[in-house]
Amino acid sequence: MASQTATRAIDTEIIDAQTIADYQRDGAVCIRGAFKGWVETIAAGIERNMQNRSGTASDIANGRGSFFDDYCNWERIPEFVKLVRESPAARLAAAVMRSRTAQFFHDHVLVKEPGTQKPTPWHQDIPYYFVDGQQTVSFWIPIDPVKEATLRLIAGSHKWDKMILPVRWLDDGNFYAAEGDYRPVPDPDNDPSMKVIEWEMEPGDAILFDFRTAHGARGNMTAARRRALSLRWVGDDAHYVERPGRTSPPYHGHGMQPGQKLREDWFPVVHQG
């Protein structure tokens, strides 16, 4: 494994100051057991999603195996509604973001079947989204034990002055027509100036990371599934921005203008301190 930062077991209703400081410094932390009591609920929601896919679902296979992903389904998946509304996620999100509020952005199911060669390419989430702001957090929650197929992140990349060129996961082609003012996709395994952090994880552990934190994952060459759910949140300073093309998720017909807060009827404020 690459270098790892320290993790700590905490009460999921209380997050300590050191964890928040680690998040602000590295752009990512691992919280052990944060969703330990929610594993069965998440598993049922993922299965329901896979059996009732949306129009944005994709199933990427490169050689062997299968890499399924789908997003923005939480309002039609009762297990995800319960998770968003009743789990500790919103309070944890507000705490690490140092935000008074936690507004839910979207859910994302990611399932790599056994023997899947396709890696998740190195990327930042923020260039794909129509949201900007310093207060953002994504939860990556596996419901299967993960070792080599865990999430990998570049420490401190949330502070880079240029964002990574967004690429399409299917073929690694440019996501937008013009490359614009982006930095090339990094290769941190061959760049000693970059520190990769990753954790072996158990079901219900969670990695929390900034939308700007560069991250990726290896393929799943094990004999077991790797199911994970991401929950994405924004804080007080989040606002709508325009990108060079259609964003992902697209959210057609939202009617927002640059600089506006995200509309709460589409993106509910779940926690308000």
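These numbers were taken from a predicted model, which means no experiment stands behind them.

Chemist: Just give me the short version of helix α1 (residues 17-26), but keep the residues and values in it.
Modeler: For α1, the complete set of buried residues consists of T19, I20, D22, Y23 and D26. Viewed end-on, α1 has its buried residues packed into an arc of 160°, placing them on one side of the element. The N-cap of α1, judged by a side-chain oxygen 3.1 Å from the amide nitrogen of Q18 a few residues on, is D16. Backbone geometry just downstream of α1 places G27 in the positive-phi region, at approximately 80°.

Chemist: Tell me about the pairing of strand β2 (residues 28-32), and name the residues and values.
Modeler: Taken across its five residues, β2 has four buried, putting it largely inside the fold. Of the pairings in the sheet, the one linking β2 to strand β11 (residues 206-209) comprises four bridges and is antiparallel in character. Residue pairing for β11: V29 is matched across the bridge by L208.

Chemist: A description of helix α2 (residues 39-51) should follow, citing residues and the corresponding values.
Modeler: In a regular helix each residue adds 1.5 Å, so 13 residues correspond to 18 Å; α2 covers 18 Å between its end C-alpha atoms and thus fits that length. Its buried side turned inward, α2 meets β4 (64-71), α3 (78-86), β5 (101-112), β8 (136-142) and β13 (226-234).

Chemist: If you had to explain the pattern of salt bridges to someone new, which residues and values would you point to?
Modeler: Counted according to the given criterion, the structure contains 15 salt bridges. R53 is the partner of D59 in a salt bridge, and the nearest nitrogen-oxygen pair spans 3.8 Å. On the basis of relative accessible area, R53 is assigned to the partly exposed category, the value being 43%. Between D132 and R212 there is a salt bridge; the shortest N-O distance is 2.4 Å.

What counts and how
Residues numbered from 1 in each chain as written. Predicted model: local features only at pLDDT ≥ 70, side-chain atom pairs only at ≥ 80, totals over all residues. Heavy atoms only, no water. Buried < 20%, exposed > 50% of the residue type's maximum accessible area, 1.4 Å probe, protein only. Helix = DSSP H or I, 4+ residues; strand = E, 2+ residues; numbered from the N terminus. Arc of directions from axis to C-beta. Polar contact = N/O pair within 3.5 Å; in protein donor to acceptor, adjacent residues only side chain to side chain. Pairing = 2+ DSSP bridges. Expected span 1.5 Å × (residues − 1). Contact = heavy atoms within 4.5 Å. Salt bridge = Lys/Arg side-chain N within 4 Å of Asp/Glu carboxyl O.

Nothing here speaks to function; it is all geometry.
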